[in-house]
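# Coordinate analysis (summary)
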Amino acid sequence: MLNKYPLWKYLLILLVLALGLLYAFPNLYPDDPALQLSTQKATAVVDEQALQKAKSALSKANIDLKEAELTSAGGTLRFNSGEDQLAAKPVVAAALGDDYVTALNLVPTTPEWLSSLGAGPAKLGLDLRGGVHFLLEVDTPAALKQKLEVSSSEMKAVLRKDRVRYRSVDIEDGVLSIRFLQQPDLASAETLLKKDFSEYRYATRQDGSDFYLDVSFTEAAKKEIESYALKQNLTTLRNRVNELGVAEPLVQRQGSNRIVVELPGVQDTAAAKRIIGATANLEFHLEAGLDSNGSDVETLTFRDGSGRTARLERDLIITGDSVSDASSSFDENGRPQVNISLDAKGGKQMSKVTRSAVGRNMGVVFIEHKSRSRFVEKDGKMEEVRRSYSEKSIISLATIQTTLGNSFRITGLDSPRESSELALLLRAGALAAPIYFVEERTIGPSLGAENIKLGVDSAQIGLLVVMVFMLLYYKVFGLFANISLALNIVLLMACMSLLSATLTLPGIAGIVLTMGMAVDANVLIFSRIKEELASGVPNQQAIHSGFNRAFTTIFDANITTLLVAVILFAVGTGPVKGFAVTLSLGILTSMFTAIVVTRAQVNLVYGGRKNKKLYI
Amino acid sequence: MKVTNIPFMAMRKIVAVFSLTLILISLGSLATKGLQFGLDFTGGTLIEVSYKEAPQLDDVRALLGENGYSDVVVQNFGSPTDVVVRMANSYTATLGDEVLSTLQNNGTTDVSLQRSEFVGAQVGEELREQGGLGMLLALAIVMIYVAVRFQFKFSVASVAALIHDVIITLGFFSIFEVEFDLTVLAALLAVVGYSLNDTIVVCDRIRENFRIMRDTKPYDLVNDSINQTLDRTLITSLTTLFVLVVLFVMGGEAIHNFSMALLVGIVIGTYSSIFVAANLLLAMDVKREDLIPAPKAELEDDLP
C-alpha cells in the first residue's frame, strides 16, 4: 500500500532515535569543577589517606567540598563552584606536598548507568572552557648543528689516534670541513672516517695548496635526526605537561617540525610557558687545575650575580640527561636545594671520576639555550632571523669530600621556585632541540563560560524562530518537520559525544546554521508535494512522488556541501575544525531525520487513508 | 498552490550588468584597499581584557605608551568594559602577562584577562596560503562533482556562480573594512557549500525538465525551472537567514564577523542561484542533448 512503512522500519527508526537520546543525554548534566589528584612517583599513591588529608585541609580552610572519590587514575575532588575550585588548589597542593600533582579539571557528572554504556558529554574546546593553546616549532637545524658538533670532536679524536695530520676543522652551513696540507692525509682520513661515521656524505676538494674533506649529512641521516629530535621533544614535553598537573592535556605532532600543546583550564599561563619552553639543563665539570691547557678550560661566571668566575674543565662528567629523579627541598640553613638521583650509567661515571678527584672542586653548570629574533629586510619583505646561543653559568662549586655515587644534592639556587622548577625539568628530561613559540592563544575561564552562554542562547532562539516559521508556513507538515529538526539536534549531539568530537564556539554556530539548513530537505519535499497537489494528483500519490522526486535533489545538494565541509576540516585548525565537524555531522544527521523520520511521521498520520485533507 | 511565473530570464541583461558592476567594485576595492586581515593571517599579538568599570581608551593608550608599548591599537570589543590591545610582531614569551600587569598596575584598576593570542609571522603567512588553497580545492572538487553528476556546462555555470559569490562577499569585507580572520574564511567556505546547494537544486530541476518538457525551448524551460523552485529557494534562504540574524545579534563578538560573512554570502548566494547560474547556462547554449545523449542509431546502420 502507498505510504505505509513496514513495522520493522518504524522500530528501526525508534531504535536509532532512542540510542540518539541516550547518548545525547549526558550533555544535559553540567560538569563539576574539580581537582584531579595524581602522582608521578612510585613511592606515593593516591589513597584514602591522601584524600583524608586533602579533606581536612579543605575544611580547615572553610572550602566546601562536594564529593571526593578515588578513581583508577588517582583521586577526584569535586566542588560546587569554580571559585571554590580555584581557592582549593593551593590548599590541597600544600597539604599533600611535592609527591602529588594537583590539576584543575572539569569532571562530567554523567550518571553511572549512562557512563557504563560508554555515554558521556561532548568535549568542550578551549574557547568554551578556557585554557592555553601553544604551537611550538622545533628548531631542527639546531639539532643538526649539535649533532655535527658532537661528531666533529669524535672525528678529531679518531684522526689523532691514527696520526692523520689535519690543520683545522670548521663547521659552516651544515657542512663540516677538515683541512689537510697533504693529499695522502686527506685520502687516509676519508677511508678512516667513512668506516666509523657512515651517516655522513663525504666530498673532497682542493683550494689552492690546501685539501679539504667536506662532511655533510646524507638525506636519510638528516631525516632521522630531525624526526628523533621531534620525537624526543614530544616525549619531554609530555613529561613536563604531566608534571605541571593539567587534566586532559594534548601534546601532539603537527606537520614535520611543529608540536601542538593544549592545556585546558590552565590559569597561570606564565608558569606553563616557562616550564614548557625551558631549555635548561645541567652539566657537571671538574674545576680546572692551574697547570691545565688553555684550550681545555672554560671560564664561567657564577649565577648569583656576584661577578665571581671560575675555570672549569671543558670535559664534562655527566649531564642532566643522566638524572633519574630529582626533588626540591631545603638545606640545614633553609636555602633551596635539589636532591638528585642518577641512573646506573651516570652513577658509575660519577663515581669513576670523583674517586680520583677527592679534594678537588666540582662545578654544577646551568645551561640555557636561548634565541634572539631579529627582523631583517630581505627582498623587500621583513623576515625573521633567529640566532640561537647558549648561556652557561655556575650554580655551585663545591669540594668533593668523598666519592660521589648515585645520589647527591646541589645548592646555590636563587629561590624555592627555581629549585622546584629545576627539579621538574631534570625529572622530565631535556629537550633534544630548542623550541620556539610560534602561536599562542589563551582564553580566560570567564570568556569560555560567556561563550557557552552566548552559543546556547542563540541556538535556542534560532531553533524557536525556525520552528514558528515552519509551523505557520506548512501547518501539520511543518509540525512533522519541527519534530524532525529537534530529533536532528539530538542525533547531532549524540554523534558528537560518541565520536568524542570537540565542541567549539564556531561549532555551536555550525549547529545553529545546520538548523536553518536542515529544514531545507523538508522544504524541498513539501514544495514538491504542493506542486503535485496543484497539478491535480491524488493525495497519497502526491506524498509518494513528492518524497521520491525530491530525493536526488537533496542528495546532490547535500553531498556537495559535505565535500566543502570536509575540505574545511582538512585546512582548518582549532575552532574552525569544530565548525567543520558540526557542519558535516549536521548534514548527515539532517538527511536521516528530514527524509526518513519525516516520512515515518507522514506515513503514520496520512498513510493508507483515502481523501484525507492534507494540511500543508 | 500557484507556481509563480516571473520572467526572470527577461531580466538577463539588467542582472548581468548588476552582477558585473558588483564584481568590478569588489575587485577594485580588493585591489586598492585590500582586506583587513586579522591576527590569524598577519601575525602579531592581541590581548583582550575586561575592566570592572569602563575605561577611557585614551587613558589606556597613554598608560601603555608610558610603559614603552608604542605602536599599539586599543579598541573596545563588544562592550565598553572590554578592551582589545593589538600589537605588531614583537613577541616575547611573557608579553601578554606584562601588558596585563601594566594595565592592572594603575592603582586600583580591576582588570582581568579574557584572552591573549600570539601568532608568529610565518604561521600567519602559512594560514593565509592554506586558506587560499582550501578555497581553490573546494572549487575544483565542486567543479568535478557537478561535471560528473550533471554535465560540463552545469559545472562551469555553478562554479562561476560560486566565484561570483566569493568575490562579492570579499568585496563587502574590503569596502566596509571588516576584519577578515580564520572564522570568516570558514564562513566563506560554508557560503560556497550553501550557495552551491541552492544552485544545484535549480540545475536539478532544469535537468528534470529537459527530460519531461520535450517541446519547450531552453529559454522558457530555464525560466520555468527557476519559477518552480522559487518557493523552496526563498523559504530555505529565509530560515537560514533567520538563524543567522539570531547568531549575528546574540552570538557575541567572537563570531560577529563570521555570521556577517554568512549573512552577506547567503543573500548573494540566493541571488546568484536564481540569476547567475541559469543565465550562464543559457549563455553557453545549454541543450537537451547536453544531458540526454542522442540515441546511438549509427551502429545499426553498419549492419547488413
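All values derive from a computational prediction rather than experimental measurement.

## Focus: the overall build of chain B
Each helix and strand in chain B was counted, giving 12 helices and six strands. Radius of gyration (C-alpha) of chain B: 26 Å, far over the 19 Å computed for a compact globule of 304 residues. Nonlocal contacts in chain B, meaning residues at least 24 apart in sequence, comprise 79% of its contacts between residues at least 6 apart.

## A closer look at unusual backbone geometry
Residues and elements named next belong to chain B. One non-glycine residue, Glu177, adopts positive backbone phi at about 50°. Along the chain, Glu177 turns up in the loop between α6 (152–175) and β6 (179–180). Looking at Glu177, the number of C-beta atoms within 10 Å reads 12, which means it is exposed. Phi is positive for Asp285, close to 60°, though the residue is something other than glycine. Along the chain, Asp285 falls in the loop between α10 (276–283) and α11 (288–291).

## Digging into the sheet that holds strand β1 (residues 32–39) of chain A
Residue and element names in this part refer to chain A. Taken in spatial order, the four strands make up an open sheet running β2-β3-β1-β4, and their pairing is antiparallel. Unpaired on one side and paired on the other, β2 (67–71) and β4 (100–107) mark the two borders of the sheet. Adjacent strand axes in the sheet meet at a mean angle of 25°, parallel and antiparallel pairs treated alike. In this sheet, β4 lies alongside β1 in antiparallel orientation, the contact comprising eight bridges.

## Section: the domain arrangement of chain A
Much of the literature gives interface size as the accessible area that the parts lose upon coming together. Here the domain parsing of chain A yields domain 1 (7–26 + 452–606), domain 2 (32–107), domain 3 (141–222) and domain 4 (280–425). Each of domain 1 of chain A and domain 2 of chain A has a C-alpha centre, and the two are 44 Å apart.

## A few points about the sheet that holds strand β17 (residues 336–342) of chain A
Working definition: the strands of a sheet are paired by backbone hydrogen bonds and lie parallel or antiparallel to each other. Residues and elements named next belong to chain A. Strand order in this open sheet of three strands is β16-β17-β20, and the pairing throughout is antiparallel. At either margin of the open sheet sits one strand with a lone partner, and together these are β16 (323–330) and β20 (407–410). Within the sheet, the average angular offset between the axes of one strand and its neighbour, ignoring direction, is 25°. Pairing of β17 with β20 involves four bridges; the strand directions are antiparallel. Directly across from Ser341, in β20, lies its bridge partner Ser407. Strands in contact with helix α11 (residues 416–428) are β16 and β17; relative to β16, the strand with the most contacts, it is inclined by about 165°.

## Looking at the UniProt feature "transmembrane region" (unreviewed entry) in chain A
Mapped onto this structure's residue numbering, the UniProt feature "transmembrane region" (unreviewed entry) falls at residues 454–474, 479–501, 550–571 and 583–606 of chain A. Structurally, residues 550–571 of chain A comprises 100% helix and 0% strand, and the distance from its first C-alpha atom to its last is 32 Å.

## Structural notes on the domain arrangement of chain B
Its domain assignment divides chain B into domain 1 (8–37 + 123–291) and domain 2 (46–117). Between domain 1 of chain B and domain 2 of chain B, the C-alpha centre-to-centre distance is 40 Å.

## Some thoughts on the packing of helix α13 (residues 505–534) of chain A against helix α8 (residues 218–250) of chain B
Where α13(A) meets α8(B), the axes come as close as 9 Å, and the angle between the chain directions of the two elements is 160°. One element, α13(A), and the other, α8(B), form an angle in the roughly antiparallel class. Between α13(A) and α8(B) the crossing geometry is right-handed. Between α13(A) and α8(B), the residues in contact are A:Ala509, A:Val512, A:Leu513, A:Met515, A:Gly516, A:Met517, A:Val519, A:Asp520, A:Val523, A:Leu524, A:Ser527 and A:Glu531 and B:Gln228, B:Asp231, B:Arg232, B:Ile235, B:Thr236, B:Thr239, B:Thr240, B:Phe242, B:Val243, B:Leu244 and B:Leu247, respectively. For the contact of α13(A) with α8(B), the residue count by class is 13 nonpolar, six polar and four charged.

## Notes on the packing of helix α8 (residues 219–244) of chain A against helix α9 (residues 269–277) of chain A
Residue and element names in this part refer to chain A. The geometry of α8 relative to α9 is characterised by a closest axis approach of 9 Å and an angle of 150° between their N-to-C directions. Judged by the inter-axis angle, α8 sits roughly antiparallel to α9. Considering only the axes of α8 and α9, their crossing is right-handed. Contacts from Leu237, Arg240 and Leu244 of α8 reach α9 at Ala272, Ile275 and Ile276. Of the residues in the contact of α8 with α9, the class split is five nonpolar, no polar and one charged.

## Points about the nonpolar core
One finds B:Ala186, B:Leu189 and B:Leu262 to be the most contacted residues of the largest nonpolar core, which totals 133 residues. For this core, the element with the most residues is helix α12 (residues 445–498) of chain A, which contributes 19 residues. With sequence-adjacent residues up to four places away left out, B:Leu189 is seen in contact with A:Val564, A:Ile567, A:Leu568, B:Gly134, B:Met135 and B:Ala138. One finds A:Ala50, A:Ala103, A:Leu104 and A:Ala433 within the second-largest nonpolar core, a separate group that totals 44 residues.

## Things to note about the interface of chain A and chain B
Each side of the interface is counted separately: chain A has 58 residues, and chain B has 61 residues. For the side of chain A that touches chain B, the secondary structure elements donating two or more residues are α9, β21 (435–443), α12, α13, α14 (539–571) and α15 (574–606) of chain A. Element by element, the count of residues in the side of chain A that touches chain B is highest for α13(A), at 16 residues. The residue inventory of the side of chain A that touches chain B, partitioned by class, reads 34 nonpolar, 14 polar and 10 charged.

## Quick look at the pairing of strand β12 (residues 258–264) of chain A
Residues and elements named next belong to chain A. With five of its seven residues buried, β12 lies for the most part within the structure. Across seven bridges, strand β6 (residues 131–138) lies against β12 in antiparallel orientation. Among the inter-strand pairings, Gly131 is bridged to a residue of β12, identified as Pro264. Sheet analysis places strand β11 (residues 250–254) next to β12, joined by five bridges and oriented antiparallel. Counted as the bridge partner of Gln252 is Val260 from β12. Connecting β11 to the next strand, β12, in antiparallel fashion are three residues, including Gly255 with a positive phi near 70°.

## Some points on the UniProt feature "transmembrane region" (unreviewed entry) in chain B
In the numbering used here, UniProt assigns the feature "transmembrane region" (unreviewed entry) to residues 131–148, 155–176, 182–203, 234–252 and 258–282 of chain B. With 89% helix and 0% strand, residues 234–252 of chain B has its two end C-alpha atoms placed 27 Å apart.

## Structural notes on helix α3 (residues 82–96) of chain A
All names here are of chain A. Its 15 residues give α3 an end-to-end C-alpha distance of 21 Å, which sits within 8% of 21 Å, the value for a rise of 1.5 Å per residue. Maximum bend of α3: about 35°, positioned at Ala88, with proline Pro90 one to four residues after it. Taken together, the buried positions of α3 are occupied by Gln85, Ala88, Val92 and Leu96. Gly97 sits one or two positions beyond α3 and adopts a positive phi of about 85°.

Basis of the calculations
Every chain's residues receive numbers from 1 upward, in the order its sequence appears when written. Throughout, the order in which chains and ligands are written sets their labels, letters from A for the former and numbers from 1 for the latter. In view of the model being predicted, local features appear only for residues whose pLDDT reaches at least 70, and side-chain atom pairs are presented and counted only at 80 or more, with totals across whole chains, interfaces and linings using the full set of residues. In this description a helix means any DSSP run of H or I spanning at least four residues, a strand means any run of E spanning at least two, and both kinds are numbered starting from the N terminus. This radius of gyration counts C-alpha atoms alone. The globule rule is 2.2 Å times how many residues there are, raised to the power 0.38. Contacts are defined on C-beta atoms placed from the backbone: any two residues whose C-beta positions lie within 7 Å are in contact. Residue burial is a threshold on neighbouring C-beta atoms within 10 Å of the residue's own C-beta, all placed from the backbone, with 20 or more meaning buried, 12 or fewer meaning exposed, and counts in between meaning partly exposed. Strands pair, by our definition, only if DSSP identifies at least two bridges between them. Axes here refer to lines fitted to C-alpha atoms; in helices the fit is confined to the stretch in contact. Angles between the N-to-C directions go from 0 to 180 degrees. Each domain span listed reflects an automatic or database assignment of domains. UniProt positions are given in the numbering used here, feature names are shortened, and annotations may be inferred rather than shown by experiment. Throughout this description, any angle smaller than 35 degrees is read as roughly parallel, any larger than 145 degrees as roughly antiparallel, any in the 65 to 115 degree range as roughly perpendicular, and the remainder as oblique. With the far helix as reference, a near helix turned anticlockwise by less than a right angle produces a left-handed crossing, and one turned clockwise produces a right-handed crossing. Residues were grouped as follows: Ala, Val, Leu, Ile, Met, Phe, Trp, Tyr, Cys and Pro as nonpolar; Asp, Glu, Lys and Arg as charged; and all remaining residues, including Gly, as polar. As used here, a nonpolar core is made of buried Ala, Val, Leu, Ile, Met, Phe, Trp, Tyr and Cys residues. They are joined through C-beta atoms within 7 Å. Expected helix span is taken as 1.5 Å per residue step, with the number of steps being one fewer than the number of residues. A residue's bend is given by the angle between axes fitted to the 7 residues ending at it and the 7 residues starting at it.

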